[in-house]
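Each chain, written out:
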Amino acid sequence: MTFEFTAEQVLELAPDSAAAKAGRDLSTPGKWKNLGKSADGLAIWGQCQGSGSSPYQTRADLNGPAFKCSCPSRKFPCKHSLALMMLYVAQGELFGQAEIPSWVADWLATRGSKAKRKDDVERTPEQLEELLQSKDKRKQDRLSKIQAGIEELELFVIDLMRQGIGSVKKQPFAFWKNRAARLVDAQAPGLARLVSECAEICARTSDWENALIDKLSTINLICRTFLKIDQLSPELKADVLTAIGINQSQEELLAGAGHSVDDFWLVVGQYNYTQDRLRVQKSWLWGKKGQSALVLSFAHGNAPFDVMLIAGIFYQAELVFYQGSLKQRALIKTKNSEPAMAPYLEGSSVSLALNSYAEALAKTPWLDTMPLLLQKVIPHKTKDGKWWLIDQEKAGLPLFARDEVGWQLTSYSGGEPLSLFGEWDGTTLKPLSAFKNGNYLKLQTVEV
Amino acid sequence: MRQAKNPFHELTETAILGTDRKPLSAILSGGDLGCTIAALGERELPQERLLIDQLTAISIAKKAGVMPGSFTCELRACPPETRQKVSERSLSLLIQVLTLEAKSSELKHFKIISEWLALCEHAQQRMPEEFVPRLLDWGKSLTEMHQLIGLCCGQHFDWLLSLNEEWRANYTSKQSIDKQVLIQTFETGEQRERLQAFASMRTLWPEEALTLLSNSFEKESFENKAAFLKVLSKKLQFSDEPFLEDTLKDRRKEVRAQAATALGLIPGSRLQQRMIARADLYLSLENNKIAVQLPEELDDSMLRDGIVDSSPMYLDSRIGAKANWLCQILSLVPPSHFEQKFGLNASELLEAALANSEWSLVLSLAFMAAAAKFGGEMQQALLQREDLNITDSQAGLTLLKALPQETLENLILRKLPSWSQARDNTKAAPRLDLWYYLEQVDFNWSERFTREIIKFIIKESREKVPVFGHTFYSNASNFALRMHIVAGELTDQINIDADTADIYRRNALERMTDTVKLRYDIFQSFNNTADYTANAN
């Protein structure tokens, strides 16, 4: 089994540019000895002479990928792990099949047992009952707090309508931040985030009024829906709780509460951003059967993301979807990389994509963004400097793209139709990747 | 008649002004959305509540009802590419240089990318189309790279230029040199652009370039004047002499000095004749030794001819002001004049100059400066003298810089064994001279020269010579950029000892080897044949 990563995909795993550069510098055969790979091609290893007396033992599980190195670096993956992968990508022939050394076998075995250990916690029926009761109580307490917070927020919005949103343009950042903090206290972090975004909208120089009205409308809708939570369908109830910021239990979802789909999934779009000092990786997956899924991965500081996915790679995986009308966010239950599979997926025309967005809004009217996979579109810059995607029917969708990305897309298309994946927010499409002739191109995004 | 306002705009206005200032009015509008809005407004609720609910309905309706844009334009496709794309490895190395190495020096950046492009062109390959815009952005102001970039971008180059006005302006106007454009740039551009335009004019239309400069010269600042004269002196002709003679009347000594330097390079110029006449007064041959009479004062005619109080070229605690003036005069006289006057060949003339211990330093500095300008047999005579420390003075370094590549490389290789065989490893000083010499080799090193220098560095690193010296530390990356690509096969043998106490040495060696390896990796990634190795430099 061989994995067809590209050098760029490996570098995407680097925690920072310094690690990427150091990894690349180390990816020369002269720096390594005892390079090898397992008979199944899933594990690779090597020893790299560093500043210590004995060489560092570096190993990687390509079915992940996952890494382990004996160097003292706090970065993950460290430069040695990246270099090992880079060397494997560039000069795979250097890695002869060999018997797995004990320091690699032990690590692989530990990885397997760690996965099992998570399921090992066993409880008696009484303990379970007690656990459920206390959980229910906590949930009720939280809902009461949220209700109080929402009622206060509604008064705030009513006041805004009375005084006019024109009056808040000159308000300091703290005006919104303090309101958001009260919602955090009320344990409604999702609403707090939306209120914080109002501050950013007010800082804009143009078209802030309509954007603020849209944002306040979303907040109003979520609040009004929450206040009728007992009358909602289970899906809509899950949607509104998620919007407010109540997380669904991953253990419960994996244990069967979530809808699961087994398919070949392409990591079709991916970008990172920072939220409240937490690094977040947003990965959009698109299945061969046509379903899309959003996998969020989190990390603090230089720690690795809890889920490692490489953009442009197919995974054979079982995903478990969070409860909700749209079945958008998902967890990975099991996954294996699918080697050497050309990234090709069926997309839709602009009109069909907009129809599907309208249908999604009907189910979840506060929907923030929706993934769109468009096929046979050509990027085009109009005379007013705006970027558009034009499909075969000459229907166009506006792009939210810097010139750098627009020209990259244009050059990649060569004036011929290509497939494009991006996030549609109801106004513009943020392009994340493009496909042409079985090739995948990840587009650069600005970190939010 | 006043036109009825759009009810949705009415709601937005109310939201902006607030219900206190603009009370909510009943909405009368048709359609599903209009009915929904109207129905929402009929409830028995405070008007602020009604307003936000109505706005919410409109907000969702707007999102759900987005219509695609309609286009009629025909988009022209790029012609099919005929060249193969570069390999994944070549591409990733270029991206590394463009991104990860972006913080390194501009020179390094430029040199490595241009080398990459040359290899790409040699292999008849092309950039993958998705990276072409990035390359076009990188090279848009580097006129000398435009042709190579165009070739390496394949058909996408012209196609993208037809779509992007900025690239078209950058890449096409400079490909065909237009005299009027150059004149306009000279007249209205920034100083850097003006200098470039003047240099191009000077190459293609030298007479018109001179007229252009003469017309604007008086209005220029003294820094600009000196800069233009420097460009002018790169390719002098007899017809430049009147202008330069006129320039000697300038008030600023910096301008006069630059004009004098230029005039000194015109064979038989009036300035050269005046300098010869002066030099003849001060030098004579007595008992096979050159006797020196120093100028008594720096008179007006000398000042006019660009002689300055104290030229930095001859700044030395052992040389006084008058000797400094003399050096300036002698440096503008071809040494062959004295050879003829005294009936000596270059070696004999130098021997006669050095025989007078009182004036040997002054004369050797003056002859080195003159040999740098005029070449000739004096150049060889100076290089043959083992007792002259050429790198000890600015005049000597100027001489080294003026030498042809082969001569300088041979000189260094001839001296290399003496540096290699320094008896005491703890004394690094004799070796340090090598780095001063190498600093002057600012062209690409030949393969033979590179091999010998790398061997020397390998030996030094293995013998753990305690100090490589500041000149090596500060030039390590530049040396790596000038080396022949063959260096990449040898650098693994350099001992970069992690335990060494000299962290500067280790860092410098690492910088050097990293740069060489990067260049070598790029070279190998193109899988080039040996014939390119021969021509790589």
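Residues numbered from 1 in each chain as written. Chains lettered and ligands numbered in written order. Predicted model: local features only at pLDDT ≥ 70, side-chain atom pairs only at ≥ 80, totals over all residues. Heavy atoms only, no water.

(A) Up close: the packing of aromatic side chains. Under the defined criterion, the tally for this structure stands at 29 aromatic pairs over all chains. Aromatic pair W388 of chain A and F71 of chain B: ring centres 5.1 Å apart, planes at 65°, arrangement edge-to-face. With one member in each of two chains, W388 of chain A in strand β12 (residues 387-391) and F71 of chain B in the loop between β1 (69-70) and β2 (84-85) form a pair that bridges those chains. For W388 of chain A, a relative accessible area of 19% gives the class buried. Judged by relative accessible area, which is 12%, F71 of chain B ranks as buried. Ring centres of W445 of chain B and F479 of chain B lie 5.8 Å apart, and the angle between their planes is 40°; on these two criteria the pair is classed as tilted. With W445 of chain B in the loop between α25 (429-440) and α26 (447-462) and F479 of chain B in helix α27 (residues 470-482), this residue pair connects regions lying 34 residues apart in the sequence. These aromatic residues form a ring-pair network of at least three members: W435, W445, F449, F456, F472, Y473 and F479 of chain B. One cation-aromatic arrangement involves R279 of chain A over F305 of chain A; the distance from NZ or CZ to the ring centre is 4.7 Å. The positively charged end of K436 of chain A is found above the aromatic ring belonging to Y412 of chain A, 5.2 Å away from the centroid. (Phe/Tyr/Trp six-rings, centres within 6.5 Å; stacked < 30°, edge-to-face > 60°. Helix = DSSP H or I, 4+ residues; strand = E, 2+ residues; numbered from the N terminus. Buried < 20%, exposed > 50% of the residue type's maximum accessible area, 1.4 Å probe, protein only. Lys NZ or Arg CZ within 6 Å of the ring centre and 35° of its normal.)

(B) Spotlight on the pattern of salt bridges. Taken as a whole and judged by the stated rule, the model has 45 salt bridges over all chains. A salt bridge links D137 of chain B to K140 of chain B; the nearest nitrogen and oxygen atoms lie 3.6 Å apart. For K140 of chain B, the salt bridge identified is with E166 of chain B, shortest N-O distance 2.9 Å. Of this pair, K140 of chain B sits in the loop between α6 (132-139) and α7 (146-152) while E166 of chain B is found in helix α9 (residues 165-172), placing the two residues 26 residues apart along the sequence. We classify K140 of chain B as partly exposed; its relative accessible area is 24%. A single network of salt bridges, built from pairs that share partners, joins K436 of chain A together with E81, K85, R126 and E129 of chain B. (Salt bridge = Lys/Arg side-chain N within 4 Å of Asp/Glu carboxyl O.)

(C) Representation of unusual backbone geometry. A cis amide bond links F76 of chain A to the next residue, P77 of chain A, at an omega of -5°. A positive phi is found at N287 of chain B, a non-glycine position, where the angle reads about 55°. Tracing the chain through its elements places N287 of chain B in the loop between β4 (283-286) and β5 (289-292). Of the residues examined, N287 of chain B reaches a relative accessible area of 75% and is grouped as exposed.

(D) Examining the state of the cysteines more closely. Evaluated as defined, the whole model comprises zero disulfides over all chains. Of all cysteine sulfurs, the one in C78 of chain A lies closest to C71 of chain A, which takes part in no disulfide; the gap is 3.7 Å. C78 of chain B forms no disulfide, and the closest cysteine sulfur to it belongs to C153 of chain B, at a distance of 11 Å. (Disulfide = S-S within 2.5 Å.)

(E) Broad picture of the environment of W159 of chain B. Positionally, W159 of chain B belongs in helix α8 (residues 155-163). Taking the C-alpha atoms as reference points, W159 of chain B and A480 of chain B, separated by 321 residues in sequence, lie 37 Å from one another.

(F) Main features of the sheet that holds β1 of chain B. Read from one edge of the open sheet, seven strands run β16(A)-β15(A)-β14(A)-β11(A)-β12(A)-β13(A)-β1(B), paired in antiparallel fashion. In this open sheet, the two strands that pair with only one neighbour each are β16 (439-442) of chain A together with β1 of chain B. Bridge count for β12 of chain A against strand β13 (residues 395-398) of chain A is three bridges, and the pairing is antiparallel. Residue pairing for β13 of chain A: W388 of chain A is matched across the bridge by P398 of chain A. The strands touched by helix α11 (residues 350-363) of chain A are β11 (370-381), β12, β13 and β14 (418-424) of chain A; relative to β11 of chain A, the strand with the most contacts, the crossing angle is about 150°. Sitting on the sheet, helix α12 (residues 403-413) of chain A is in contact with β11, β12, β14, β15 (429-436) and β16 of chain A, with an inclination near 25° to β15 of chain A. (Pairing = 2+ DSSP bridges. Contact = heavy atoms within 4.5 Å. Axes fitted to C-alpha atoms, helices over the stretch in contact; angles between N-to-C directions.)

(G) Here's a closer look at the side chain of S393 of chain B. Residues and elements named next belong to chain B. Summarising the element assignment, S393 is placed in the loop between α22 (377-384) and α23 (394-402). Classification of S393 by relative accessible area gives buried; the value is 12%. A distance of 3.0 Å separates a polar side-chain atom of S393 from the backbone nitrogen of G396. If sequence neighbours within four positions are ignored, S393 has contacts with L365 and M368. (Polar contact = N/O pair within 3.5 Å; in protein donor to acceptor, adjacent residues only side chain to side chain.)

(H) Here's a closer look at the confidence of the model for chain B. All names here are of chain B. On average, chain B scores 84 in pLDDT, and the residues at 70 or more come to 91%. A low-confidence stretch, residues 529-537 stays under pLDDT 50, and its non-local contacts, those more than four residues away or across chains, total 16 contacts. Overall fold confidence for the complex sits at a pTM of 0.77, while the interface term, ipTM, reaches 0.80. (pLDDT = per-residue confidence, 0-100.)

(I) How the structure looks around the packing of helix α20 (residues 346-355) of chain B against α22 of chain B. Residue and element names in this part refer to chain B. At a closest axis distance of 8 Å, the pairing of α20 and α22 adopts a crossing angle of 55°. Compared by their axis directions, α20 and α22 come out oblique. Helix-helix and strand crossings are classified by hand; for α20 and α22 the assignment is right-handed. For the pair formed by α20 and α22, the contact residues are A346, S347, L349 and L350 on the first element and E377, M378, A381 and L382 on the second. When the residues that make up the contact of α20 with α22 are grouped by side-chain class, the tally is six nonpolar, one polar and one charged. (Parallel < 35°, antiparallel > 145°, perpendicular 65-115°, else oblique. Left-handed = near helix turned anticlockwise from the far one by under 90°. Nonpolar A, V, L, I, M, F, W, Y, C, P; charged D, E, K, R; others polar.)

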